[in-house]
Amino acid sequence: MADDAPEKRDDTRVLWEQLAQGDYEVVISPVVYEELDRCDDGLREQLYSCLDTLERTFNEENEETILLAKEYLKTGILREESYNDCRHIAIASIYGCKYILSWNMKHFVKRRTIEMVQEVNRRLGVFQPSILTPTIFIEEGDDND
């Protein structure tokens, strides 16, 4: 875990502890597994081991999620090289996930991205997840609104 960013590592551990308590439904998509499979062996094993501590739901990619991800590309929310990020957001949106938690502030947790996703989802009548860093999530908690 991010030894070069101890504050992120610490917040990730706090988040993981909260998730392991079962207070939140954890949802995983095939994109998560694809990304984990590209990690070095040691890190991949460590991350899979962490995932195994969580009760989780698996949401499949389908035609609707693929079309939405392509719409994000078409509208310029992200570029083709960030297609997996579009897939993450589309799967969470189509399945009605309340939150997307990410440290990816280059693509995901970025005002422009969030506003453009909101606009596309609003136009298409698709659910809009809140896109947050783990720090914001653990500091603000779930307001259950």
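See the structure printed just above.
J.: Sorry, what's going on with the overall build of the protein here?
T.: Summing up its helical and strand segments, the protein has seven helices and four strands in all. Ordered by position in the sequence, the α and β elements of the protein form the string α-β-α-α-β-α-α-β-α-β-α. In terms of C-alpha radius of gyration, the protein reaches 15 Å, essentially the compact-globule figure of 15 Å for 145 residues. The burial tally for the protein puts 38% of its 145 residues in the buried class. For the protein, the proportion of contacts with a sequence separation of at least 24, taken over those separated by at least 6, is 70%. Surface exposure of the protein reaches about 8,700 Å², of which carbon and sulfur atoms provide 47%. Mean positive and mean negative side-chain charge positions of the protein (17 and 31 charges, respectively) differ by 8 Å.

J.: What is the right way to read a positive patch on the surface from this model?
T.: Together, Arg79, Lys106, Lys110 and Arg112 make up a positively charged patch on the protein surface. By secondary structure assignment, the location of lysine 106 is in the loop between strand S3 (99–101) and helix H6 (111–124). Given a relative accessible area of 63%, lysine 106 falls into the exposed group.

J.: I tried to follow the packing of aromatic side chains on my own but got confused; where do I start?
T.: The geometry of two aromatic rings is summed up by the distance between their centres and the angle between their planes. The tally for this structure, following the rule as stated, stands at four aromatic pairs. Judged by centre distance (5.0 Å) and plane angle (65 degrees), the ring pair of tyrosine 24 and phenylalanine 137 falls under edge-to-face. Taken together, the positions of tyrosine 24 in the loop between helix H1 (6–20) and strand S1 (26–28) and phenylalanine 137 in helix H7 (residues 134–140) put the pair 113 residues apart, joining distant regions of the chain. Where tyrosine 33 meets tyrosine 48, the ring centres are 5.9 Å apart and the plane angle is 15 degrees; that geometry is what we call stacked.

Quick notes on the rules
Every chain's residues receive numbers from 1 upward, in the order its sequence appears when written. Confidence filtering applies because this is a predicted model: local features only for residues at pLDDT of at least 70, side-chain atom pairs given and counted only at 80 or more, and all residues used for totals across whole chains, interfaces and linings. Hydrogen atoms and water are omitted, and side-chain values are computed over all heavy atoms in the structure. Every helix listed is a DSSP run of H or I at least four residues long, and every strand listed is a run of E at least two residues long, numbered separately from the N terminus. Within these notes, the globule rule equals 2.2 Å times the number of residues to the 0.38 power, and the radius of gyration is based on C-alpha atoms. When accessible area is computed with a 1.4 Å probe and restricted to protein chains, residues below 20% of their type maximum are described as buried, those above 50% as exposed, and intermediate ones as partly exposed. We call two residues in contact whenever any of their non-hydrogen atoms come within 4.5 Å of each other. All accessible-area figures derive from a Shrake-Rupley calculation using a 1.4 Å probe, and residue coverage is judged against the displayed protein chains alone. As used throughout, the charge tally considers Lys and Arg to be positive and Asp and Glu to be negative, leaving His and the chain termini uncounted. To locate a charge, take atom NZ for lysine, CZ for arginine, CG for aspartate or CD for glutamate. What goes into a patch is any residue over 30% in relative accessible area without a salt bridge, connected to like charges within 9 Å or, for nonpolar side chains (Val, Leu, Ile, Met, Phe, Trp, Tyr), within 5 Å. Salt bridge criterion: a side-chain nitrogen from Lys or Arg within 4 Å of a carboxyl oxygen from Asp or Glu. Think of it this way: a Phe, Tyr or Trp ring, Trp meaning its six-membered ring, pairs with another when their centres are within 6.5 Å, and the plane angle makes it stacked under 30 degrees, edge-to-face over 60, tilted otherwise.

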